[in-house]
Amino acid sequence: MSSPGGRRLGGVPDIDAPPRILAVSDEVDEALWSACVTDVSVDLILAAGDLPFDYLDFLASTLDRPLVFVPGNHDPDLSGFGFRNGLALRAGFPSRWPGPPGGVNADGRVVEVAGVRIAGLGGSPLYNNGPNQWSERAQARRARRLVRRARGPVDVLLTHTPPRGVGDGPDPVHRGFECLHHAVRRLRPRWLLHGHVHPYGRPTPDHRLGDTRVRNVVGAHVFGIGRPTPTEAL
C-alpha cells in the first residue's frame with residue numbers, strides 16, 4: 001500500500017495526535033482487502049468514489065472506523081435517499097440502500113466526523129448521461145450550494161474529480177471542474193482529496209491551490225491531515 005506524505009502505523013491511534021486518515025479511490029488495494037488491513041491505524045476513512053461498496057464496508061467494519069465517501073461516475077445513483085430510525089427511505093417509501101452500510105454520503109453536504117469537517121462533491125464531467133455526471137454549469141450550482149451550507153472553512157474538500165488544470169486529464173471525461181477553484185477559495189480546506197485520474201504507475205505529486213494541498217488518492221494513502229481549523233464566518 002502506498003502512503004505518500006505519511007507513514008504506516010500499527011496499534012491504537014493517539015487521541016492527542018492530529019487526525020490520520022485512510023484515503024481510497026478508484027482502484028482496490030488487494031493488500032487492504034485482507035487481514036493485513038489491521039496493521040493500519042487511522043481515525044477515519046475517506047473514499048473519493050468508484051470503488052466496490054463491499055470493499056468500503058470491509059475497510060470500515062474491519063478497522064472499526066467511520067467512513068465518509070462521495071460517489072464517482074461508475075457508482076450507482078444514491079440521490080434521494082433518507083434515513084429514519086435506521087430505515088432507508090426513498091421518496092418517502094422504504095427502499096434498499098445501495099451504498100456501503102454505515103457509510104456517510106457527503107455528496108453536496110458538509111459533515112463532521114472524527115473531529116474532521118468535510119465538504120463533499122462527487123461526480124465527474126458529463127459524457128454519457130450516466131449517474132453522477134454533471135455539466136460544468138450544473139456542478140457549479142452544486143458547488144455554490146455546498147459553500148452556502150458550509151458557512152465557514154472546512155478541513156477537507158472531498159471530490160471525485162480534480163479541479164481544472166490541477167492534476168486532471170487531457171480528455172473530456174477526465175478534465176477537471178473549473179468551479180472547484182471557487183469552492184477552494186471560499187471553503188479554504190487544508191486538503192482537497194480526489195480520485196478519477198488513474199496514474200497507471202506514474203508518480204502523482206501533490207499540487208497547491210493557495211494554502212490547500214491537492215492530492216490524487218487513487219489506490220490507498222495513509223497520512224495525517226493536521227489539526228482541524230476552527231469554524232470562522234465566510
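Draft legend 1. Fine view of the overall build of the protein. The number of helices and strands found in the protein is 3 helices and 16 strands. Expressed as a percentage of its 234 residues, the buried residues of the protein come to 50%. Put simply, the protein shows about 11000 Å² of open surface, and 51% of that area lies on carbon and sulfur atoms.

Draft legend 2. Quick look at the pattern of salt bridges. What the rule picks out here adds up to 3 salt bridges. For Arg142, the salt bridge is made with Asp107, and the minimal N-O distance between the two is 2.9 Å. Of this pair, Arg142 sits in helix α2 (residues 136–150) while Asp107 sits in the loop between β7 (104–105) and β8 (110–113), and the two are 35 residues apart along the sequence. For Arg142, a relative accessible area of 9% translates into the label buried. When the shortest N-O distance is used, the salt bridge between Arg213 and Asp206 registers 3.9 Å. You can call Asp206 partly exposed: its relative accessible area is 29%. It is possible to trace a salt-bridge network through shared partners that takes in Asp206, Arg213 and Arg215.

Draft legend 3. Focus on the packing of aromatic side chains. Overall, the coordinates contain 3 aromatic pairs when judged by the stated rule. Ring geometry for Trp191 versus Phe223: centroids 4.7 Å apart, planes at 45°, classification tilted. With a gap of 32 residues between them, Trp191 in strand β13 (residues 191–194) and Phe223 in strand β16 (residues 219–224) connect regions that are remote in the sequence. Each member of the pair Trp191 and Phe223 is classed as buried.

Draft legend 4. Representation of the sheet that holds strand β12 (residues 156–159) within the structure. Sheet architecture is open: 6 strands sit in the order β8-β9-β12-β13-β15-β14, paired in mixed fashion. The sheet is open, and its two edges are formed by β8 and β14 (207–209), each paired on a single side. Put simply, the sheet's adjacent strands are angled 25° from each other on average, direction ignored. Packed onto the sheet, α2 meets β8, β9 (116–121) and β12 and runs at close to 160° relative to β9. Each of β9, β12, β13, β14 and β15 (212–216) is contacted by helix α3 (residues 179–187), which is oriented at about 160° to β12, the strand it contacts most.

Draft legend 5. Representation of the packing of α2 against α3. Two elements in contact, α2 and α3, have axes separated by 9 Å at closest approach and are oriented at 10°. On the basis of their axis angle, the class for α2 and α3 is roughly parallel. Residue-level inspection shows Glu136, Gln139, Ala140, Ala143, Leu146, Val147 and Ala150 of α2 in contact with α3, the latter providing Cys179, Ala183, Arg186 and Leu187. Residues that form the contact of α2 with α3 fall into these classes: 8 nonpolar, 1 polar and 2 charged.

Draft legend 6. Just the pairing of β12, in detail. Here β12 shows no split at all, with Val156 and Leu158 on one side and Leu157 and Thr159 on the other all buried. Handedness of the crossover joining β12 and β13 through α3 is recorded here as right-handed.

Draft legend 7. Spatial organisation of the confidence of the model for the protein. Counting all residues, the mean pLDDT for the protein is 88, and 89% of those residues have values of 70 or more. Contacts from residues 1–13, a stretch scored under 50 in pLDDT, to residues over four places away or in other chains number 38 contacts. In this model residues 228–234 is a low-confidence stretch, pLDDT under 50, and it forms 22 contacts with partners more than four residues away in sequence or in other chains.

The rules we used
Residues numbered from 1 in each chain as written. Predicted model: local features only at pLDDT ≥ 70, side-chain atom pairs only at ≥ 80, totals over all residues. Heavy atoms only, no water. Helix = DSSP H or I, 4+ residues; strand = E, 2+ residues; numbered from the N terminus. Buried < 20%, exposed > 50% of the residue type's maximum accessible area, 1.4 Å probe, protein only. Areas by Shrake-Rupley, 256 points an atom, 1.4 Å probe, with all protein chains shown as cover. Salt bridge = Lys/Arg side-chain N within 4 Å of Asp/Glu carboxyl O. Phe/Tyr/Trp six-rings, centres within 6.5 Å; stacked < 30°, edge-to-face > 60°. Pairing = 2+ DSSP bridges. Axes fitted to C-alpha atoms, helices over the stretch in contact; angles between N-to-C directions. Contact = heavy atoms within 4.5 Å. Parallel < 35°, antiparallel > 145°, perpendicular 65-115°, else oblique. Nonpolar A, V, L, I, M, F, W, Y, C, P; charged D, E, K, R; others polar. Right-handed = clockwise from strand over helix to strand, strands pointing away. pLDDT = per-residue confidence, 0-100.

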